[in-house]
Amino acid sequence: SQKIEQNSEALNIQEGKTATLTCNYTNYSPAYLQWYRQDPGRGPVFLLLIRENEKEKRKERLKVTFDTTLKQSLFHITASQPADSATYLCALGDLDSNYQLIWGAGTKLIIKP
Amino acid sequence: DTAVSQTPKYLVTQMGNDKSIKCEQNLGHDTMYWYKQDSKKFLKIMFSYNNKELIINETVPNRFSPKSPDKAHLNLHINSLELGDSAVYFCASSQEGSGPNSPLHFGNGTRLTVT
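The shown structure was predicted, so the numbers you read here are calculated from the model rather than taken from an experiment.

About the criteria used
Along each chain, the written sequence defines residue order, and numbers are assigned to residues from 1. Going through the entries in the order they are written, you letter the chains from A and number the ligands from 1. Reporting in this predicted model follows two pLDDT cut-offs: at least 70 for local features of residues, and 80 or more for side-chain atom pairs to be given and counted; totals over whole chains, interfaces and linings ignore these cut-offs and use all residues. The basis for every side-chain value is the complete set of non-hydrogen atoms in the structure, without hydrogens or water. The numbering of helices and of strands both runs from the N terminus, where a helix is a DSSP run of H or I of at least 4 residues and a strand a run of E of at least 2. Here the rule is simple: two strands pair whenever DSSP picks up at least two bridges between them. Lines are fitted to the C-alpha atoms to define the axes, a helix being fitted only along its stretch in contact, and any angle between axes, read from their N-to-C directions, falls within 0 to 180 degrees. Exposure above 30% relative accessible area and no salt bridge define the residues that can form patches, which grow by joining like charges within 9 Å and nonpolar side chains of Val, Leu, Ile, Met, Phe, Trp and Tyr within 5 Å. Using a 1.4 Å probe, the Shrake-Rupley method yields the accessible areas, and only the shown protein chains count as cover for residues. For this document, the term salt bridge refers to a Lys or Arg side-chain nitrogen within 4 Å of an Asp or Glu carboxyl oxygen. For the purpose of counting charges, residues Lys and Arg are taken to be positive, whereas Asp and Glu are taken to be negative. His and the chain ends are not included. To locate a charge, the coordinates of NZ of Lys, CZ of Arg, CG of Asp or CD of Glu are taken. Summary of the burial criterion: residues with accessible area below 20% of their type's maximum are buried, those above 50% are exposed, and those between are partly exposed, where the area comes from a 1.4 Å probe applied to protein chains only. Polar contacts, as counted here, are pairs of nitrogen or oxygen atoms within 3.5 Å of one another; within protein the pair requires one atom able to donate a hydrogen and one able to accept it, and residues that are adjacent in sequence qualify only if both atoms are side-chain atoms. Contacts between residues were defined by any pair of non-hydrogen atoms, one from each residue, lying within 4.5 Å. Buried surface area refers to the total accessible area, computed with a probe of radius 1.4 Å, that the two partners give up upon joining, counted for both partners together.

**Q** Mind showing me how you'd approach the environment of B:V60 here?
**A** Topologically, B:V60 is positioned in the loop between β6 (53–57) and β7 (64–70). Along the sequence, B:V60 and B:I45 sit 15 residues apart, while their C-alpha atoms lie 9.4 Å from each other.

This is the structure we're talking about:
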């Protein structure tokens with residue numbers, strides 16, 4: 001069966017450390033993968049995109065990797081800050097369904113001062 | 001100058017009622033969407049419109065009917081509301097349909113509670 005999974009448990013990280021979030025998928029043909037941030041009571045906000053032929057993308061303190069062999073994307077926030085606390089969603093652009101986005105349920109990240 | 005705005009933010013209503021949610025985007029995007037986010041936080045696409053034409057219509061009860069009067073607006077009308085319709089509904093837009101060059105821009109959601 002097809003599925004996209006993110007760690008359902010909240011991730012608690014000490015301020016200043018690197019937070020790493022995981023997105024695993026099964027039985028999809030991803031053309032790309034997007035990461036979004038969602039704050040309580042708000043809509044998701046786009047952060048980064050990585051294509052299936054790219055290994056790594058960076059934007060300021062954010063880094064995304066994509067391993068199509070492991071069927072996994074990792075999302076890193078370096079030098080984490082309490083303001084980074086939010087839920088982070090991955091969304092896979094599925095080649096077989098004309099790039100329709102398939103969403104993970106998100107991982108709640110808590111950065112402790 | 002909100003990019004994607006939807007109203008109302010909260011909607012509490014009784015079973016059997018009919019309600020509408022409105023959405024407007026001022027980004028000049030061609031494609032608009034309705035998503036449903038359930039209690040487990042999964043975002044599931046309901047409808048997609050490109051330039052006022054229906055592109056995607058996922059398995060959604062026909063009590064849900066989208067209306068796009070122009071490419072900047074996509075409203076959602078729900079007839080005969082049921083308890084299971086309670087969720088957060090998000091409107092979104094993108095520049096040119098699905099694709100790597102078209103990240104989604106979301107509104108802040110409408111929390112629908114059916115009692």
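**Q** Can you help me understand the sheet that holds strand β8 (residues 72–77) of chain A in this one?
**A** Paired through backbone hydrogen bonds, the strands of a sheet run either parallel or antiparallel to each other. All names here are of chain A. Pairing in this open sheet of five strands is antiparallel, and the strands run β1-β3-β8-β7-β6 from one edge to the other. Both edges of this open sheet fall to β1 (3–6) and β6 (56–59), since each of them pairs with a single strand only. Neighbour-to-neighbour, the strand axes of this sheet turn through a mean angle of 15°, independent of strand direction. Relative to β8, strand β7 (residues 62–67) is paired through six bridges, and the arrangement is antiparallel. Within the sheet, the bridge partner assigned to K63 lies in β8 and is H76.

**Q** Explain a positive patch on the surface to me, please; I cannot follow it from the model alone.
**A** Together, A:R42, A:K108, B:K9, B:K41 and B:R111 make up a positively charged patch on the protein surface. Structurally, B:K41 is set in the loop between β4 (31–37) and β5 (43–50).

**Q** Would you mind going over the sheet that holds β7(B) with me for this structure?
**A** All names here are of chain B. Within the open sheet, the four strands sit side by side as β1-β3-β8-β7. Their pairing is antiparallel. Either end of the sheet is taken by a strand with one partner, and the two such strands are β1 (4–7) and β7. Averaged over all pairs of adjacent strands, the angle between strand axes in this sheet comes to 20°, irrespective of strand direction. Note that β1 and strand β3 (residues 19–25) share four bridges and pair antiparallel. Bridge pairing in β3 places T7 opposite K22.

**Q** How should the side chain of B:Q25 be read in this particular structure?
**A** All names here are of chain B. On the secondary structure map, Q25 appears in strand β3. By relative accessible area, Q25 is classed as buried at 3%. Separated by 3.0 Å, the side chain of Q25 and the backbone nitrogen of L27 make a polar contact. Those residues within four positions of Q25 in sequence are excluded, and the remaining contacts are A3, V4, M32, K71, A72 and S93.

**Q** Quick question: what am I supposed to make of the pattern of salt bridges here?
**A** Side chains that carry opposite charge are capable of pairing whenever their charged atoms lie near each other. Within this structure, the stated rule accounts for eight salt bridges over all chains. We note a salt bridge from A:E5 to A:K3, for which the minimum N-O separation is 3.9 Å. The class of A:K3 is partly exposed, set by a relative accessible area of 38%. Each of B:R63, B:E82 and B:D85 takes part in one network of salt bridges that share partners.

**Q** Help me understand unusual backbone geometry, please; the structure alone is not making it clear to me.
**A** Note on backbone geometry: most residues besides glycine have negative phi, and most peptide bonds are trans. In this structure, the amide linkage connecting B:T7 to the following residue, B:P8, adopts the cis form with an omega of 0°. Along the chain, the position of B:P8 falls in the loop between β1 and β2 (10–13). At A:K71, a position not held by glycine, the phi torsion is positive, near 55°. Within the fold, A:K71 resides in the loop between β7 and β8. On the accessibility criterion, A:K71 (36% relative accessible area) is partly exposed.

**Q** Can you help me understand the interface of chain A and chain B in this one?
**A** Many analyses report the size of an interface as the accessible area lost when the parts associate. Counting residues at the interface gives 20 residues for chain A and 21 residues for chain B. Of the roughly 1600 Å² buried between chain A and chain B on both sides combined, carbon and sulfur atoms contribute 55%. Area buried by chain A at its contact with chain B is led by A:Q100, A:W103 and A:A105, which between them contribute 31% of it. Run the count over chain A and chain B and you get zero salt bridges. Summed over the shared surface of chain A and chain B, the result is six residue pairs in polar contact (both at pLDDT 80 or more).

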